[in-house]
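Coordinates in review
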Amino acid sequence: MLLKIHHRTHYHYEHPVPYGLQRLRMIPKENAAQKILKWKTDIEGGKVQADYIDYHNNHILLVSIDEGVSDITVECSGAVETFDTAGVIGKHGGHVPLWYFLRPTKLTEPSREIQALAKSVQGENLDQLAILHGLSSKILATVRYDIGHTDAATTADAALAAGHGVCQDHAHIFIAAARSLGIPARYVSGYLMLTDRVEQEASHAWAEAHVEGLGWVGFDVSNGISPDLRYVRVATGADYAEAAPVSGISYGGGEQSMVVSLAVEQ
């Protein structure tokens with residue numbers, strides 16, 4: 001499938017910014033499930049200071065905010081050809097060892113409740129893949145998809161306790177639970193083409209687990225499936241903090257607002 005993506009993020013600061021840096025993880029990486037045909041990133045109100053590949057094989061642009069501006073716009077567009085691999089990405093790559101994806105993070109600390117949820121899907125003679133699919137289904141049944149109640153700082157345990165959350169929360173709970181079972185798991189940020197509309201309010205997120213004999217396999221808990229032709233992977237990390245599309249710091253700008261427009265279509 002050929003997907004066209006246009007993603008625009010506009011930041012407005014209450015006062016002119018004397019200094020600011022943003023780390024952008026907004027360039028898709030090629031793998032067995034996708035081929036990048038073209039991709040362009042335009043920045044207004046800032047300059048690219050560094051362009052590099054990080055330890056997760058994410059393509060990073062380090063952008064400085066122009067001194068004295070109150071607005072910065074990041075606009076990405078491109079075309080990606082996708083292939084159906086049943087969610088299987090394959091063997092592990094990058095500079096991070098697999099054990100790195102077994103360690104808990106602040107956002108994926110496996111509480112007693114998360115450990116109990118993970119153990120509840122362990123049945124006799126079930127292989128890893130069956131356990132992980134069962135885990136995905138159990139999380140979706142336990143934590144309903146509901147926007148407006150969590151944010152980027154919400155932990156897996158807090159989302160589970162609340163009983164509702166969004167794709168980021170589902171991914172964090174899945175990652176924490178899988179790790180508690182001794183299965184390496186990581187966070188994925190990217191895009192999903194929706195069947196009912198082109199315009200979207202935000203990008204998407206899901207999880208991947210490293211399955212013996214298969215390698216990395218994707219699990220989109222929020223939609224109850226493994227990624228298919230409609231998905232585009234952009235960045236991966238131990239949790240949201242390591243795979244967020246944009247992260248950074250600024251000084252002296254006062255209150256900040258953000259407006260996102262996103263279109264994904266065939």
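Here, every reference points to the structure presented above.
A short tour of the structure in this document, coming up. (Residues numbered from 1 in each chain as written. Predicted model: local features only at pLDDT ≥ 70, side-chain atom pairs only at ≥ 80, totals over all residues. Heavy atoms only, no water.)

**Structural notes on the overall build of the protein chain**
Where we set the bar: Each helix corresponds to a stretch of at least 4 residues labelled H or I by DSSP, and each strand to a stretch of at least 2 residues labelled E; elements are numbered beginning at the N terminus. Throughout, the radius of gyration refers to the C-alpha atoms, and the reference size of a globule is 2.2 Å times the residue count to the power 0.38. Residue burial is assigned from relative accessible area. The probe radius is 1.4 Å, only protein chains are included, and a residue is buried under 20% of its type maximum, exposed over 50%, and partly exposed in between. We call two residues contacting when some pair of their heavy atoms lies within 4.5 Å. Note on charges: Lys and Arg go in the positive column, Asp and Glu in the negative column, and His and the chain ends are not counted at all. Charged groups are reduced to one reference atom each: NZ for lysine, CZ for arginine, CG for aspartic acid, CD for glutamic acid.
Helix and strand content of the protein chain: 5 helices and 16 strands. On C-alpha atoms alone, the protein chain measures out to a radius of gyration of 19 Å, which is about the 18 Å that the 2.2 N^0.38 rule sets for 266 residues. When the backbone C-alpha atoms are referred to their principal axes, the protein chain occupies close to 60 × 40 × 35 Å. Here the protein chain, with 266 residues, has 48% of them falling under the buried criterion. Sequence separation of 24 or more characterises 75% of the internal contacts of the protein chain that already satisfy a separation of 6 or more. Between the mean site of the 21 positive side-chain charges and the mean site of the 31 negative ones, the protein chain shows a separation of 4 Å.

**Some points on the side chain of T154**
Which entries qualify depends on this criterion: Here a polar contact is recorded for every N or O atom pair within 3.5 Å, except that within protein the pair must consist of a potential hydrogen donor and a potential acceptor, and residues adjacent in sequence are included only if both atoms are side-chain atoms.
Mapped onto the elements, T154 comes out in the loop between β8 (144-145) and α3 (156-162). A distance of 2.9 Å separates a polar atom in the side chain of T154 from the backbone nitrogen of D151. In contact with T154, other than residues within four places in its own chain, are L107, A159, D169 and H172.

**Brief notes about the sheet that holds strand β6 (residues 69-82)**
Either a parallel or an antiparallel arrangement is found when strands of a sheet pair, and the pairing is made through backbone hydrogen bonds. Put simply, the test is: Strands are treated as partners if at least two bridges between them are detected by DSSP.
Strand order across the open sheet formed by 5 strands is β3-β6-β1-β16-β11, with antiparallel pairing between neighbours. If you trace the sheet from one side to the other, it starts and ends with β3 (34-44) and β11 (199-200), each paired once.

**Re the packing of aromatic side chains**
The geometry of two aromatic rings is summed up by the distance between their centres and the angle between their planes. Which entries qualify depends on this criterion: Two rings from Phe, Tyr or Trp (for Trp, the six-membered ring) form a pair when their centres sit within 6.5 Å of each other. Planes less than 30 degrees apart are called stacked, planes more than 60 degrees apart edge-to-face, and all others tilted. Two limits define a charge over a ring: the Lys NZ or Arg CZ must be within 6 Å of the ring centre, and within 35 degrees of the ring normal.
One pass over the full model with this rule turns up 7 aromatic pairs. Between Y19 and Y251, the ring centres sit 6.1 Å apart and the planes meet at 25°, which makes this aromatic pair stacked. Residue Y19 is found in strand β2 (residues 19-27), and its partner Y251 is found in strand β15 (residues 246-251); the two are separated by 232 residues along the sequence. Taken together through their ring pairs, the aromatic side chains of Y100, F101 and W216 make up a single cluster. Note that R103 overlies the ring of Y100, its terminal NZ or CZ placed 4.7 Å from the centroid. The ring of W216 carries the charged tip of R186 above its face, separated from the ring centre by 3.9 Å.

These results come straight from atomic positions and should not be treated as a statement about function.
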